[in-house]
Amino acid sequence: MTTATIEPTSATQPAGEPVKLSGLRCIAYEIALNGWRILRETVNDFSLWRLIEYPWSAKALGLRRGDLVLDIGSGTSSYPHMLAKEGVDVIVLELDADRVRWQLAKRRATARPGDGRFFPLVASATAMPIRSDSVERLAAISSLEHIPDDESVGVEIGRVLASSGVAAITIPYTSTERTNFFKGIRKFIRVEPNAFVQEGKAGSFFRFYTDADIERVYVRPFNARVGEWRGFGRSWLNGRYHETKLTKYWRRFVLKDLFLALIVHPLEERYDRSDPLYVMFTLRKP
């Protein structure tokens with residue numbers, strides 16, 4: 001298997017300006033990338049969770065202009081484009097060739113002078129064509145839960161990360177066992193403990209992780225140090241909105257999501273002790 005190493009532009013230059021990717025800035029980038037229509041209805045799953053995850057990931061990775069990030073499972077996400085607009089070099093690693101073509105076409109249509117470099121790559125996260133110990137920063141935003149062979153992904157993350165390299169990960173969470181998902185709203189079938197597929201929708205595998213699962217799959221393979229740990233989507237934003245019939249508004253009217261992300265999310269995290277739908281955490285390689 002041919003492997004690749006792409007050096008960050010900052011390797012021989014002073015550290016660039018810190019990346020400050022706020023929720024409002026994410027919306028501005030999304031408009032620039034996909035047009036004003038996304039304020040009415042999103043076209044690529046840009047919604048509430050992303051307004052929480054994207055700023056957190058950029059901050060957790062300590063990103064500066066000229067840094068290089070390996071983004072796993074990007075799909076048709078705008079996140080790698082947002083990072084490129086901030087002057088960050090991005091490797092977009094995605095298994096679906098059509099989605100990689102989408103990413104490349106979007107890049108060609110929206111690239112501007114001063115953007116970071118952009119490297120779309122068709123590959124599996126279970127066997128990444130990346131040299132061992134070569135990645136300083138890795139992002140996996142709401143993607144790992146869709147990969148059935150997640151244990152191989154955990155091993156691969158540990159392999160490609162350089163010593164002291166950091167991964168910023170967001171994945172679904174449960175403290176016990178989930179026996180249903182979107183009950184009464186969408187038809188999800190349980191295929192194994194804490195894992196579901198949506199009836200009639202190919203490629204819809206979705207997994208929840210317990211603390212023990214996270215330890216076994218992502219921490220133990222390379223004795224990672226777990227850093228910043230946060231949750232989102234508890235009984236307010238998930239239990240009274242996302243996993244309810246109100247989810248029909250999920251992709252509509254993005255500005256409401258900015259209010260929920262900036263106001264309701266911090267209040268929920270401070271006062272609500274129920275399980276979060278997702279956890280966000282960093283892993284650092286010793």
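The structure we're discussing is the one just above.
Since the structure is predicted, the reported quantities are computational estimates derived from the model, not experimental observations.

Quick notes on the rules
- Residues numbered from 1 in each chain as written.
- Predicted model: local features only at pLDDT ≥ 70, side-chain atom pairs only at ≥ 80, totals over all residues.
- Heavy atoms only, no water.
- Pairing = 2+ DSSP bridges.
- Helix = DSSP H or I, 4+ residues; strand = E, 2+ residues; numbered from the N terminus.
- Axes fitted to C-alpha atoms, helices over the stretch in contact; angles between N-to-C directions.
- Contact = heavy atoms within 4.5 Å.
- Buried < 20%, exposed > 50% of the residue type's maximum accessible area, 1.4 Å probe, protein only.

Draft legend 1. Layout of the sheet that holds strand S1 (residues 68-72). Pairing within the open sheet is mixed, and its seven strands lie in the order S3-S2-S1-S4-S5-S10-S9. Only two strands of the sheet have a single neighbouring strand rather than two, namely strand S3 (118-122) and strand S9 (225-232). Neighbouring strand axes in the sheet, compared pairwise and without regard to direction, differ in orientation by 15° on average. The sheet contact formed by S9 and strand S10 (residues 278-284) spans six bridges and is antiparallel. Following the sheet pairing, Arg225 is matched in S10 by Arg284. The sheet contacts of helix H2 (residues 48-60) involve strand S4 (135-141), strand S5 (161-172), S9 and S10, and relative to S10 the element is tilted by about 15°. Strands S5, S9 and S10 of the sheet are contacted by helix H6 (residues 211-219), whose axis makes an angle of about 35° with S10.

Draft legend 2. Quick peek at the environment of Trp56. With respect to the helices and strands, Trp56 occurs in helix H2. When its relative accessible area of 6% is taken as the criterion, Trp56 is described as buried. Trp56 sits 33 residues away from Gly23 along the chain, and the two C-alpha atoms are 9.6 Å apart. Once you skip the residues sitting within four places of it in the chain, Trp56 turns out to touch Ala168, Ile169, Thr170, Glu228, Arg230, Met280, Phe281 and Thr282.

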